[in-house]
Amino acid sequence: MQCEICHLHPATRAVTRKIAGEPRELYVCDACARTAASPVAAADGAGPGRDVSDLLFSIGFPVPASKKAKDRICPGCGLSRGELREKRRFGCPRCYETFETDVRTFLSEQIPAAPRSRETPAEALREREVAKLKASLAKAVKEDRYEDASTIADRLRALDPDGGASAPERGDG
Amino acid sequence: MARLFSRSGRGDWLRDLPFSTVAFRRCVAIHRNLDGAVFPERQSPEGRETARGVALRALRAGAAERRMKVEELPGTWEELRRPEAGGVLRDNPFEGLPMPRDPEALARASFATVGKGAALAVFNAEDHLSLYAASNAPYAAQWRELDAVLAGASHEAPFAHDTAWGYLSANPDHAGTGLALSFDVCLFGLCLSRTLDPALRALDRLGFETVPTFGPFAGDESSIDAPGCRYLVQSIRNAGTERDIVGRMDATARELSRQEQNARFKLLDAASPELSDFVARSVSAGAFARQTGQAEALDVALAVLFAADLRLLRLGARQRAAFADLVRVLSYAETVSADKPADPAAGADDRARRAALLRPLFAPLLPQLDPLP
Ligand SMILES: [Zn+2]
Ligand SMILES: [Zn+2]
């Protein structure tokens, strides 16, 4: 039989966990037994060995039993696909892998095509890079290395679209 | 009365603008979650408390790098906003922020201010840490400051991030950049010149959500008799980098303000009878108020500032300041959608109290209204 948590791997063992106060047996794969053990054990009883990451991962309620075999459950937090679709809220970072198709659906609801990205880690880093590029651009121009200069200018434009090149904003006079 | 109109250094966001009644606040929110943690909704209470501790420590570290202090605010969102309870947030520009609409999420959240009210930190609402800034400064400037604080914080405690999806959040709308931007606008000009609909449709096409806003205290009635000129414009498409999003939002706020100002000038040029009717109605509604809802009070107060901008009413400096304060006090409420069920019995006291607040401010303006021929 398939693992009752991830529905991906064959179940290799039975684990007992408390669900709504009742002990229940679940057939799970090795991976899920390992990941599922920590949150549920943590939710059940506080051992002296618990550290911050245990607490951060501890979930506040039992993992619901899957109603349908197809109702996948996130191994990180026990969120089921049904719940996700109903509430449109993820439970933990691992939900983004577990429910990848749903992530795509949710995100495409709001974005037509453009990629999502971020500026890592902060504006400061980017500005440092821009400054560095500007310096090497000046150097390249000074040394008549125009091909290099144009490559650097492209990189600069990509990093800093409104830096210098764009038209200044019109004032109200 | 004196208490409601107390001077406040932070009220200036309203007065700074030449057209103080167009776009009167820009809000930037950034949402982050701790790496390796379940999102707040699925955490146990003690897990959430631990998360709050970790996020608070990280925030302190990030803020310290920018020479800012983090001060925890005791109490729930409701308590912090309540003026009677000496609401800590009263003198901050955080009234009416687009907070999570899920009441449970808001109820379990806790709060802190960063840099003497430059930003508001919210712990464990939908996300472990959300930072809000609200002022009439451009988005780019506000965002840069928050981003720098969070970059510092992430050295102390890394945030959940995925190479494909960006920053991760329980709310898919917060995933990616984690940025949420919004601004309040008052579109009397577009509304009166009947060009509001095309403007709202254009905003919709560009990926902005416009929500009519009203500012009821809890249990206040909704909008029925409000002219509906006041909107919250929210960025709902998060495509691109933070820089793209922030730039797009700044451009949109500017463009909408420009259109609104043009509409106002046109109305003025045409000596539009609708315009003088509107001003006369608004002044009268305030001057003779007996029972006034929050939304209505806000609308008539904004209408007076609007008329003053257009030189249809003359306001002395003190009068102007008093109206600006009135708007600030009235805006001090959460955003609710127009379909919030109304409870006509609720807040009857508030309605009378509010009306009593308006009358002495509006009555002196009556002589300025043109008599009918
Ligand atoms: Zn499994
Ligand atoms: Zn999950």
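Each value, and the rule that gives it
- Residues numbered from 1 in each chain as written.
- Chains lettered and ligands numbered in written order.
- Predicted model: local features only at pLDDT ≥ 70, side-chain atom pairs only at ≥ 80, totals over all residues.
- Heavy atoms only, no water.
- Helix = DSSP H or I, 4+ residues; strand = E, 2+ residues; numbered from the N terminus.
- Buried < 20%, exposed > 50% of the residue type's maximum accessible area, 1.4 Å probe, protein only.
- Contact = heavy atoms within 4.5 Å.
- Areas by Shrake-Rupley, 256 points an atom, 1.4 Å probe, with all protein chains shown as cover.
- Expected span 1.5 Å × (residues − 1).
- Donors = N, O, S within 2.8 Å, 3.2 Å for Na, K, Ca; no water.
- Tetrahedral: all angles 85-135°; square planar, octahedral: opposite > 155°, others 65-115°.
- Phe/Tyr/Trp six-rings, centres within 6.5 Å; stacked < 30°, edge-to-face > 60°.
- Lys NZ or Arg CZ within 6 Å of the ring centre and 35° of its normal.
- Salt bridge = Lys/Arg side-chain N within 4 Å of Asp/Glu carboxyl O.

### Brief notes about the overall build of chain B
(1) Moving on: Broken down by element type, chain B carries 12 helices and 10 strands.
(2) Moving on: With 373 residues in all, chain B has 59% of them scored as buried.
(3) Moving on: For chain B, restricting intrachain contacts to residue pairs at least 6 apart in sequence, the fraction spanning at least 24 positions comes to 76%.
(4) Moving on: With the model as given, the accessible surface of chain B reaches about 15100 Å², and the carbon-plus-sulfur share is 53%.

### Re helix α2 (residues 45–65) of chain B
Residue and element names in this part refer to chain B.
(1) Moving on: Between its first and last C-alpha atoms α2 spans 30 Å; for 21 residues at 1.5 Å apiece the expected length is 30 Å, and the two agree.
(2) Moving on: Among the residues making up α2, those that are buried are Gly-47, Arg-48, Thr-50, Ala-51, Arg-52, Val-54, Ala-55, Leu-56, Ala-58, Leu-59, Gly-62 and Ala-63.
(3) Moving on: Looking one or two residues beyond α2, the residue adopting positive phi is Arg-67, at roughly 55 degrees.

### Some words on helix α5 (residues 139–156) of chain B
(1) Moving on: End to end, α5 of chain B covers 26 Å across 18 residues, agreeing with the expected 26 Å (1.5 Å per residue, within 8%).
(2) Moving on: Among all positions in α5 of chain B, only Tyr-139, Gln-142, Trp-143, Leu-146, Asp-147, Ala-148, Val-149, Leu-150, Ala-151, Gly-152 and Ala-153 of chain B are buried.

### Focus on the coordination of the zinc ion (ligand 2)
Residues and elements named next belong to chain A.
(1) Moving on: Surrounding the zinc ion (ligand 2) are the protein donor atoms Cys-74 (SG), Cys-77 (SG), Cys-92 (SG) and Cys-95 (SG), at 2.2 to 2.4 Å.
(2) Moving on: Its 4 donor atoms give the zinc ion (ligand 2) angles of 100 to 123 degrees at the centre, a pattern that matches the tetrahedral case.
(3) Moving on: One chain supplies every donor for the zinc ion (ligand 2), spaced along it as C-x2-C-x14-C-x2-C.
(4) Moving on: With a relative accessible area of 0%, Cys-95 lands in the buried category.

### Overview of the packing of aromatic side chains
(1) Moving on: According to the stated counting rule, one finds 6 aromatic pairs over all chains in the structure shown.
(2) Moving on: Seen from their ring centres, Phe-90 of chain A and Tyr-96 of chain A are 4.3 Å apart, and the 35 degrees between their planes marks the pair as tilted. For the pair shown, Phe-90 of chain A and Tyr-96 of chain A are each scored as buried.
(3) Moving on: Residues Phe-90 of chain A and Phe-106 of chain A carry aromatic rings whose centres are separated by 5.8 Å and whose planes lie at 70 degrees to one another, so their mutual orientation is edge-to-face. Of this pair, Phe-90 of chain A sits in the loop between α3 (81–87) and α4 (95–98) while Phe-106 of chain A sits in helix α5 (residues 100–110); the two residues are 16 residues apart in sequence, bridging distant segments of the chain.
(4) Moving on: In this structure Phe-106 of chain A comes out as buried when scored by relative accessible area, which is 8%.
(5) Moving on: An aromatic cluster of three or more residues is present, and its members are Phe-90, Tyr-96 and Phe-106 of chain A.
(6) Moving on: Against the face of Phe-106 of chain A rests Arg-88 of chain A, its NZ or CZ located 5.1 Å from the ring centre.
(7) Moving on: Across the ring face of Tyr-167 of chain B, the terminal group of Arg-32 of chain B is positioned such that the distance to the ring centre comes to 3.5 Å.

### Focus on the pattern of salt bridges
(1) Moving on: Following the criterion strictly, the structure yields 17 salt bridges over all chains and no others.
(2) Moving on: Of the charged contacts in the structure, one is a salt bridge between Glu-143 of chain A and Arg-145 of chain A, with a shortest N-O distance of 3.0 Å.
(3) Moving on: For Glu-143 of chain A, a relative accessible area of 42% translates into the label partly exposed.
(4) Moving on: With a shortest N-O distance of 3.5 Å, Arg-66 of chain B and Glu-145 of chain B are connected by a salt bridge. Here Arg-66 of chain B, found in the loop between α2 and β2 (70–73), pairs with Glu-145 of chain B, found in helix α5; they are 79 residues apart in sequence, far enough to count as distant.
(5) Moving on: Judged by its relative accessible area of 39%, Arg-66 of chain B falls in the partly exposed class.
(6) Moving on: One continuous salt-bridge network, built from bridges that share partners, spans Lys-139, Glu-143, Arg-145 and Asp-148 of chain A.

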